[in-house]
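An overview of the molecular structure
Chain by chain, the residues run as shown.
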Amino acid sequence: MEQTTVNRRPLLLSTTSSLFLVLWLIVAAFPFLWTVWGSFKVEADFFSRENWQLAITGLNTIGQTGSAFTGDGYQGAWIERDFWKAAWNTVIVTVSVTAISLVLGTLGGYALARSARRYTLWILITALVFRAMPHITLVSGYMLPFFEWNVWGALPTAIIVLVAINQPFALWMLHSFFLSIPKDLDESAMVDGCTRFQAFRQVVIPVMWPGVITTGLFSFLLAYNDFAVTAMLLNQDNQTMVPKIASFLGTVQTEGAVMYAVAAVVSATVPLFMLVMFFQRQIVSGLTAGAVKG
Amino acid sequence: MAEIRLNNVCKRWGKVSGVDNFDLHIKDEEFLVLLGPSGCGKSTTMRMIAGLEDVSSGEIWLGDRMVNKLEPKDRDVSMVFQSYGLYPNMTVYENIRFPIKVRKVPKELHHEQVMKAAEMVDLVDFLHRKPAELSGGQRQRVALGRAIVRKPTVFLMDEPLSNLDAKLRVSTRAEIKNLQFRLKTTTIYVTHDQIEAMTLADRVVVMNLGRIQQIATPTEIYDNPANTFVAGFIGNPAMNLIKGTIESGVFSAENIRIEGLPSQHSGPITLGFRAEDAELKEVQNAINAPVYAMELLGDSSMIALMVGGELINIKAPKDFRAEIGSQVSIGINPSHCHLFDAESGDRLSQDI
Ligand SMILES: Nc1ncnc2c1ncn2[C@@H]1O[C@H](COP(=O)(O)OP(=O)(O)OP(=O)(O)O)[C@@H](O)[C@H]1O
Ligand SMILES: [Mg+2]
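Here the structure is a predicted model, which is why all the values come from computation and not from measurement.

What counts, and where the lines are drawn
Residues numbered from 1 in each chain as written. Chains lettered and ligands numbered in written order. Predicted model: local features only at pLDDT ≥ 70, side-chain atom pairs only at ≥ 80, totals over all residues. Heavy atoms only, no water. Axes fitted to C-alpha atoms, helices over the stretch in contact; angles between N-to-C directions. Helix = DSSP H or I, 4+ residues; strand = E, 2+ residues; numbered from the N terminus. Parallel < 35°, antiparallel > 145°, perpendicular 65-115°, else oblique. Left-handed = near helix turned anticlockwise from the far one by under 90°. Contact = heavy atoms within 4.5 Å. Nonpolar A, V, L, I, M, F, W, Y, C, P; charged D, E, K, R; others polar. Domains from an automatic or database assignment. Pairing = 2+ DSSP bridges. 1 Å grid on protein atoms, 1.4 Å probe; cavity = no way out; pocket = protein on both sides within 12 Å on 5 of 7 lines; lining within 4 Å. Points joined across faces, edges and corners; volume = space filled by probe spheres on them.

A word on the packing of helix 7 (residues 119–132) of chain A against helix 9 (residues 155–179) of chain A. A pair of packed helices can be characterised by two numbers: the angle between their axes and the separation between those axes. Residues and elements named next belong to chain A. With their axes 8 Å apart at the nearest point, helix 7 and helix 9 run at an angle of 135° to one another. In this view, helix 7 runs oblique relative to helix 9, as classed from their interaxial angle. Where helix 7 crosses over helix 9, the handedness of that crossing is left-handed. Facing Leu124, Ile125, Ala127, Leu128, Phe130 and Arg131 of helix 7, the residues of helix 9 in contact are Ile165, Pro168, Phe169, Leu171, Trp172 and His175. Grouping the constituent residues of the contact of helix 7 with helix 9 by class yields ten nonpolar, one polar and one charged.

The structure is reproduced here in structure tokens:
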């Protein structure tokens, strides 16, 4: 008798927690799965006003294309409406922003972490203030000079602004990672025959790698998901994916254009999943404090 | 391999003085130990020699080069850090190899040199492990192996044994001594443990508050301390120091009277003698005081007495027993006494 009561409680607990997890997973994953599913339908099905079940059965899709699934949305978005160009621009912007942020962030964060001067604190505080500002304030400040200098609309302009927005965060994050690495490590490297920079490159950075990956991923996501800066600063030709999707949604007059947006949304989300999957080990150890210590 | 000279080296941070007027000449192949209490500037001195800390004034010479302005990598020193400073992402093998790799020693020689160093520090079985998978003593030996893999001008070791347990400390101490004897490289070794200093050193530099107190061989420091600081720091127990007055060769204070001392001094003075230099016997010329406490140490007994307002220790045979409060008489040979200036604490001339 007693045995069962003792056993029942953990059972109850584990069932509840599993149920909760499943529920949470459904709530979190459903919108995405629903969108993936719907992206292979036509607008009359996925955005049907009369009957939402059409999205599942796909009667109109069968009627219009002859099969239950269609790649029309993707075809339209990627080829007709040049979404591939937006995707390419996104690659350029995100890779540049991540690379520049990491180069400046590791060098600056290392210098600040190893400097004994008192003004390092003030540099970091100032950086925090800039980080706290809404992105749009930076953009509105930049608008006029960019028009005057005739650099508005170009990719490098957006890259520079995004780096400016992201740098404080990258600096803070990397700075605290560097602080967690004992100074003895660089010092023994320098006695062993390294210059300061070699010690940084050959000894400190390899130990720091999870921190660099984590910071890089967050920088990447910021650039990838940005709307405020890219929508305001890029002209039609140079648009990245997020403003491009927004512009699909803005042109719903043409039948099917909204399906372009759905297909584009799915296309823009998949790489993120792959990225997180690929780097998950580094991210976990980067987010776990103390992981970098020997 | 070379001699090292430090000419009036000072280190200041703003108004804080870390090392003051450090003047030292270290001979080639010498094993020199910097000894002093915590915060006396030992590490700072060593870090200035390694180039990890700028000197505020003075000159550092390694061999015939003035190295004040040189980067650490150009000074040709090897250093063992107190916390080892091993590279956590590299194996033991790569750790030991790192100095010769960055110094561009030809690749063909790497393996042979690493293996030789690993054998010397007895690490051959651990070469593929990461530092995190080693015990404290093994990590210590990796740090040592990394230091000896090339032949530097000088070895610097900053309290390398402080993280080891007592037993391991004794054996590693012997290893270091043996290693230095074989390699014949000038070595500077920092410690606050006087037993380490006494057993390892050719010469000891006793430091306090950033200043050199005495530079001498271990025996000399024990037998003829240069001032009351050294006398009170070296030895276990430290030298008994009693404040009193001297008049024509007779020292006196509460419960003590010693005749036959040098007669050229007079006035207030500090008298020192070691616990083992006292003899238990009924004499006039000595200490007469009640027993304050008794400690039985196994090989001997330690008697604590209150003399001249200070607690002093006397070493007695192991079978000696006395009640607390009972009177004892202790004789001290005047030739075993040390005299120090009451003001400055400096040693006074002992000639009669
Ligand atoms: N960066 C610094 N700024 C100001 N004072 C410092 C600095 N580094 C060290 N000091 C001071 O210099 C003095 C000597 O320090 P040092 O590290 O050389 O001591 P140490 O003899 O090695 O002591 P320990 O045995 O505890 O290691 C200390 O009083 C310390 O407070
Ligand atoms: Mg120290």
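That covers the picture; the talk isn't over yet.
Note on interface size: it is often stated as the accessible area lost on association of the parts. Under the domain assignment, chain A is made up of domain 1 (1–29) and domain 2 (83–291). When each unit is reduced to the centre of its C-alpha atoms, the spacing between domain 1 of chain A and domain 2 of chain A is 40 Å.

Let's shift gears to the sheet that holds strand 5 (residues 65–66) of chain B. Residue and element names in this part refer to chain B. Strand order in the open sheet made by the four strands is 2-1-4-5, with antiparallel pairing throughout. Looking at strand neighbours, the two that pair on one side only are strand 2 (16–26) and strand 5, the edges of this open sheet. Docked against the sheet, helix 1 (residues 42–50) engages strand 1 (4–13), strand 2 and strand 4 (57–62), running at close to 115° with respect to strand 1.

Residues and elements named next belong to chain B. Counted under the stated rule, the structure contains one cavity of 30 Å³ or more. Here the largest cavity defines a volume of roughly 50 Å³. Lining the largest cavity are Phe31, Leu144, Ile148, Phe155, Met157, Ile176, Leu179, Gln180, Leu183 and Thr187. When residues of the lining of the largest cavity are traced back to their parent elements, those giving at least two are helix 4 (136–148), strand 7 (154–158) and helix 5 (166–183). Broken down by element, the residue count for the lining of the largest cavity peaks at four residues, all from helix 5. Split into classes, the residues belonging to the lining of the largest cavity amount to eight nonpolar, two polar and no charged.

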